[in-house]
Amino acid sequence: MSHPIRVAINGYGRIGRCVLRALYERGLNDQFTIVAINEPADLESMAHLTRFDSTHGAFHAQVDQDGTHLIINGQRIVVSHARTPEGVDWSALELDLLIECSGAYGSRVQLQAFIDAGCPRVLLSHPGNSAQDVDATVVLGINEACLNGHQQLVSNASCTTNAIVPILAQLEQHYGVASCFLTTLHSVMNDQPMIDGYHHTDLRRTRSAMQSMLPVSTGLAAGVERLLPYLKGKVQAKAIRVPILNVSAIDMQLSLRRSITVAEINACFKALAHDRPSIIAYTDQPHASVDFNHNPHSAIVDASQTRVDALGNANVFVWFDNEWGFANRLIDIAQVWAPRFLAASQFS
């Protein structure tokens, strides 16, 4: 790229902070320069939670603040505290890209407010409300070739969609998927209280996050069908929040179109990990979830948990760091997209 991509982050929570940290940890902060962060929280708290993180540990960079800027290794990042897209003069920042990490905006009308306020393009850390609310929904390893220089609203789908879609695409290609039931075991999120409280319209999410496993709603099946339309009507999903801080898993119950052995299906996954080493990993070791904290892959197939029967039914288990892995995918998608929108802007 001819010059560093000027990036802003809207929403500096779990994913927003992971995106910033991952850029520095991967040595990409010269390629993507974070020039602004919009976050309603106060700057002192933002700096503290950038420096220290209970899940991912201390950030190995110098973190300071001067009352108006977050300062990383001497680089000054403008901080604003607006609660609406139009509350920031994005055009004055001369941005190339806004990474929307608040999760608060899903419709095209809401997202257009960022464009109207001066953001040339937006990369979402969550799905649009529908396929029509964004110009593209992209999962690395599946359809990043669809990115071009003319799109303005692009979604990186969800962490669970990124974890499962490459696996399902591989199974469909090799064996055919007749049906699939997905159960996500997801670590707690900030829409749950630590102790019982009036925290959510979903009554289960009024209960203590750290004392129970809680079934919650999920849009994973719709997310899979959006990326793999040939599986429409064949996928069902449910999700259970489990009382751990990070790392999640998906238990896949599949009906395949032909019988298969454990060795054969695991060899298929091992080949996928070899072909896509930056997004899929493979293990046959006796792991616990904590082993995958701060793991940058979209999914890690646990071959020790693969099961099959003589009827073509298979059970597959995948781990993923729902924070760090997904934050890295946002950066990867930005890397794919940036040369294309820079090239297009030269001829506009």
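Parameters at a glance
Residues numbered from 1 in each chain as written. Predicted model: local features only at pLDDT ≥ 70, side-chain atom pairs only at ≥ 80, totals over all residues. Heavy atoms only, no water. Helix = DSSP H or I, 4+ residues; strand = E, 2+ residues; numbered from the N terminus. Contact = heavy atoms within 4.5 Å. Salt bridge = Lys/Arg side-chain N within 4 Å of Asp/Glu carboxyl O. Buried < 20%, exposed > 50% of the residue type's maximum accessible area, 1.4 Å probe, protein only.

A. Region of the structure containing the side chain of T283. Take T283: it is sitting in strand β14 (residues 280-283). In this structure, T283 is in contact with F292, I300, V301, D302, A303 and S304, ignoring residues within four places of it in sequence.

B. Spotlight on the pattern of salt bridges. Within the structure shown, the criterion is met by 12 salt bridges. D191 is the salt-bridge partner of R241, the closest N and O atoms lying 2.9 Å from each other. Taken as a pair, R241 in strand β12 (residues 235-242) and D191 in the loop between β10 (177-187) and β11 (214-216) lie far apart in primary sequence, 50 residues in all. When sorted by exposure, R241 lands in the same class as D191, which is buried. In this structure, the salt-bridge partner of D332 is R329, at a minimum N-O distance of 2.9 Å. Of this pair, D332 and R329 both sit in helix α7 (residues 324-346), separated by 3 residues, roughly a single helical turn. Taken together, the salt bridges that share partners define one network made up of D191, D202, R205 and R241.

C. The arrangement of the environment of L43 in detail. If you trace the backbone, L43 turns up in helix α2 (residues 43-51). Assessed through its relative accessible area of 7%, L43 is described here as buried. It is 25 Å that separates the C-alpha atoms of L43 and Q31, two residues lying 12 residues apart in sequence.

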